[in-house]
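Here is how the chains run, residue by residue.
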Amino acid sequence: MPGYDTTAPQEQGQEPAPVKILVAGGFGVGKTTLVETISEIEPLRTEERLTSAGIGIDDLDGIESKTVTTVAMDFGRLTLTDAGVVLYLFGTPGQERFWFMWDDLLNGALGAIVLVDTRRLDRSFPAVDFFESRGLPFVVGANCFHGEQPYTAEEIGAALHLRDPNTPVLMLDARSRTDVRGSLLALLDLLIAKAQAPAAVSG
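Worth saying up front: this structure is predicted, and the values here are computed from it rather than measured.

Draft legend 1. Here's a closer look at helix 3 (residues 125-134). Every buried residue belonging to helix 3 is among Ala127, Val128, Phe130, Phe131 and Glu132, and all of these are buried. Considering only its buried residues, helix 3 is in contact with strand 1 (17-25), helix 2 (102-106), strand 6 (109-116), strand 7 (138-143) and helix 4 (153-160). Residue Gly135 follows helix 3 closely and has a positive phi angle near 70 degrees.

As structure tokens, then:
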């Protein structure tokens, strides 16, 4: 990925560069909400109503009010003119029985936001492990349900046992466009830094 400057204006007539970003995490952490919040187009949703067929399979502990779930992916788009990029956001399904789709969604992705719910943090380990094992850069977004977050970023990072201690852990509300945009810019900054690191070493 080229080193995009998120503060520099895009050159006139230059087409924004496409960047594929995954929005991942456990079941019910707010992935669909995040994509809906930030997408400049009507997002594509593949939601189905939860039924009795999921009893014993889908873990609704702590999210008993959830009535629908993503069964394939969510898709949204955001153009960041100043950064010269257009982000294509792919939200992954959260239930374990749909995780086989994650590798397909990974193709062409440059980075990810891993949403976590600290009330159910154990549901977040598979997503963290997935991206760490595949070497895809990511930031952690701690979704602040009801506007509250009892833990610090340092505590959340330690609890997740992140391999890279420099992995950003961000506080956000998936319903806030400002918060979501900030997390995406933080991810772009991370991608830029990683892309420039080899050049800095070789130079």
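Draft legend 2. Highlighting the nonpolar core. Among the nonpolar cores identified, the biggest contains 25 residues, and Ile21, Leu80, Val85, Leu87, Leu184 and Leu187 are the most heavily contacted of them. Those elements that provide at least two residues to this core are strand 1, helix 1 (31-38), strand 4 (74-80), strand 5 (85-91), strand 6 and helix 5 (177-202). Examining the composition of this core, we find that 6 residues originate from one element, helix 5, more than from any other. Among the nonpolar cores identified, the runner-up in size contains 24 residues, and Val114, Val128, Phe138 and Val140 belong to it.

Draft legend 3. Highlighting the environment of Thr81. Counting through the fold element by element, Thr81 comes out in the loop between strand 4 and strand 5. Once the C-alpha coordinates of Thr81 and Glu15 are considered, the two residues, 66 residues apart in sequence, prove to be 9.5 Å apart.

Draft legend 4. Structural detail: the pairing of strand 8 (residues 169-172). Pairing geometry for strand 7 and strand 8, over 4 bridges, is parallel. Its bridge partner lying in strand 8, Val140 is registered against Val169. For the crossover from strand 7 across helix 4 to strand 8, the handedness is right-handed.

Draft legend 5. Structural detail: the environment of Leu44. One can find Leu44 in the loop between helix 1 and strand 2 (47-49). As for Leu44 and Phe75, which are separated by 31 residues in sequence, their C-alpha atoms are 4.9 Å apart. Look past the residues within four positions of Leu44 in its chain and what remains in contact with it is Met73, Asp74 and Phe75.

Draft legend 6. Up close: the pattern of salt bridges. Summed over the entire model, instances satisfying the criterion amount to 7 salt bridges. Here Arg134 ties to Asp103 by a salt bridge, and the two come within 2.7 Å at their closest N and O atoms. With a gap of 31 residues between them, Arg134 in helix 3 and Asp103 in helix 2 connect regions that are remote in the sequence. Residue classification places Arg134 among the partly exposed positions, given a relative accessible area of 39%. Lys194 is the partner of Asp164 in a salt bridge, and the nearest nitrogen-oxygen pair spans 4.0 Å. Within this pair, whereas Asp164 is found in the loop between helix 4 and strand 8, its partner Lys194 is found in helix 5, the two being separated by 30 residues in sequence.

Draft legend 7. Fine view of the side chain of Thr37. With respect to the secondary-structure elements, Thr37 resides in helix 1. A relative accessible area of 17% means that Thr37 is categorised as buried. A polar contact of 2.8 Å, which involves the side chain of Thr37, links it to the backbone oxygen of Thr33. If we ignore the near neighbours within four places in the chain, the residues touching Thr37 are Ala174, Arg175, Ser176, Arg177 and Val180.

Draft legend 8. Local environment of the side chain of Thr32. Considering the arrangement of structural elements, one finds Thr32 in helix 1. By relative accessible area, which is 14% here, Thr32 ends up buried. Engagement of the side chain of Thr32 in a polar contact is seen with the side chain of Asp74, the distance being 2.6 Å.

Draft legend 9. View of the confidence of the model for the chain. Scored by pLDDT, the chain comes out at a mean of 82, with 74% of its residues at no less than 70. Here residues 50-58 scores under 50 on pLDDT; set against residues more than four positions off or in separate chains, the count is 11 contacts.

About the thresholds
- Residues numbered from 1 in each chain as written.
- Predicted model: local features only at pLDDT ≥ 70, side-chain atom pairs only at ≥ 80, totals over all residues.
- Heavy atoms only, no water.
- Buried < 20%, exposed > 50% of the residue type's maximum accessible area, 1.4 Å probe, protein only.
- Helix = DSSP H or I, 4+ residues; strand = E, 2+ residues; numbered from the N terminus.
- Contact = heavy atoms within 4.5 Å.
- Core = buried A, V, L, I, M, F, W, Y, C linked by side-chain atoms within 4.5 Å.
- Pairing = 2+ DSSP bridges.
- Right-handed = clockwise from strand over helix to strand, strands pointing away.
- Salt bridge = Lys/Arg side-chain N within 4 Å of Asp/Glu carboxyl O.
- Polar contact = N/O pair within 3.5 Å; in protein donor to acceptor, adjacent residues only side chain to side chain.
- pLDDT = per-residue confidence, 0-100.

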